[in-house]
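# Tertiary structure, described
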Amino acid sequence: LGFAAIALCAMLYGPAWAALVSALGDLIGSLAFPTGAYFPGFTLTAAVTGLIFGLCLYKRERSWIHAVLAAALNCLIVSFLANSAMISFITGNSYAAMLATRAVQLAVMLPVQAAVLLLLTPTRVLAALLSRFAYFRFRGLTYALTAAAVFVGVRYVMGLLYPVSDLALLGLYL
C-alpha cells in the first residue's frame, strides 16, 4: 500500500510534486534498503505513478470515477506493462510470460487500489474540518494522522482477508 502516500501527495500538491516525491522515495528507498542492484527504470515508473495520481486526483471532487481511473491507469500502465517490462529486462525472462504471471496481481490490486484511493479522498475533508480546531502549525500533523488512521484501518481489513504471507506475495508490503 505504498501507493497511498504518493496518492496523498498527489491530492495535496499535484502531479509534478507527486512524481518528484515518488521518484525520490524510490531512489532513497533502494539506496537505504537495497534488495538488489539499483535499476533506474523503477525510479522512472515510480515517477509515472505520481504523475498519474496527480493528473487524476489533484483538485478533484470526491468521485469513484477519479479513484477507479487513477487505479486503472496506474495498475495497467505502470504495474502491469512498465514494471513487467523492467523485470523482464533485468531477469531476461520473456515479456509475454511476465505479463501472464502478473495478470493475477493486476486483478487483485486494481480493486484494492481503487478502494484505498476512494477511502483516502474523504481524509482531505476530515483533515480540513479537524484543522479548524488545531493551530496552524499542526495542520500537517492533523492531516497525517487522519491518513494514518485510514491506512491502519485498511491494513487491518486486509489482514483479516489475507494471511501476511499472501499479502507479501501480492506485493502489499505493509
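Residues numbered from 1 in each chain as written. Predicted model: local features only at pLDDT ≥ 70, side-chain atom pairs only at ≥ 80, totals over all residues. Heavy atoms only, no water.

## Quick look at a nonpolar patch on the surface
- On the surface, a cluster of nonpolar side chains totalling about 630 Å² of accessible area is made up of L12, Y13, W17, L20, L24 and I28.
- Looking at the nonpolar patch, the elements with two or more residues in it are helix 1 (3–13) and helix 2 (15–32).
- With four residues, the single largest contributor to the nonpolar patch is helix 2.
- With respect to the helices, strands and loops of the structure, I28 is situated in helix 2. (Patch = residues over 30% accessible without salt bridge, like charges linked within 9 Å, V, L, I, M, F, W, Y side chains within 5 Å. Areas by Shrake-Rupley, 256 points an atom, 1.4 Å probe, with all protein chains shown as cover. Salt bridge = Lys/Arg side-chain N within 4 Å of Asp/Glu carboxyl O. Helix = DSSP H or I, 4+ residues; strand = E, 2+ residues; numbered from the N terminus.)

## Re the environment of N93
- Tracing the chain through its elements places N93 in the loop between helix 4 (64–91) and helix 5 (95–131).
- What makes N93 partly exposed here is its relative accessible area of 42%.
- Excluding anything up to four places from it in sequence, N93 contacts S88 and M98. (Buried < 20%, exposed > 50% of the residue type's maximum accessible area, 1.4 Å probe, protein only. Contact = heavy atoms within 4.5 Å.)

## A short note on helix 1
- In terms of burial, helix 1 is largely enclosed, as eight of its 11 residues are buried.
- Taken together, the buried positions of helix 1 are occupied by F3, A4, I6, A7, L8, C9, A10 and M11.
- After helix 1 finishes, the residue G14 shows a positive phi value of roughly 100°.

## Here's the deal with the nonpolar core
- Residues F53, L57, L117 and L120 are the most contacted members of the largest nonpolar core, which totals 27 residues.
- Sorting the residues of this core by element identifies helix 1, helix 3 (40–57), helix 4 and helix 5 as the ones contributing at least two each. (Core = buried A, V, L, I, M, F, W, Y, C linked by side-chain atoms within 4.5 Å.)

## What to know about empty space enclosed by the protein
- One pass over the full model with this rule turns up one cavity of 30 Å³ or more.
- A volume near 60 Å³ is recorded for the largest cavity.
- L57, R60, E61, H66 and T121 are the residues nearest the centre of the largest cavity, which is lined by 10 residues in total.
- At the level of elements, helix 4 and helix 5 are the ones that each hand at least two residues to the lining of the largest cavity.
- Considering only residue class, the lining of the largest cavity consists of three nonpolar, three polar and four charged. (1 Å grid on protein atoms, 1.4 Å probe; cavity = no way out; pocket = protein on both sides within 12 Å on 5 of 7 lines; lining within 4 Å. Points joined across faces, edges and corners; volume = space filled by probe spheres on them. Nonpolar A, V, L, I, M, F, W, Y, C, P; charged D, E, K, R; others polar.)

## A short note on the confidence of the model for the protein
- Residues with a pLDDT of 70 or more make up 71% of the protein, whose mean pLDDT is 79.
- Ranking the elements of the protein by mean pLDDT puts helix 7 (residues 164–170) last, at 51, and helix 3 first, at 93.
- Throughout residues 168–174 the model reports pLDDT below 50, and contacts reaching past four residues in sequence, or to other chains, amount to 14 contacts. (pLDDT = per-residue confidence, 0-100.)

## A few points about the packing of aromatic side chains
- Summed over the entire model, instances satisfying the criterion amount to three aromatic pairs.
- Taking 5.6 Å as the distance between ring centres and 70° as the angle between the ring planes, the aromatic pair formed by F39 and F42 counts as edge-to-face.
- Of the residues examined, F42 reaches a relative accessible area of 24% and is grouped as partly exposed.
- An aromatic cluster of at least three residues, connected via ring pairs, comprises F39, F42 and F89. (Phe/Tyr/Trp six-rings, centres within 6.5 Å; stacked < 30°, edge-to-face > 60°.)

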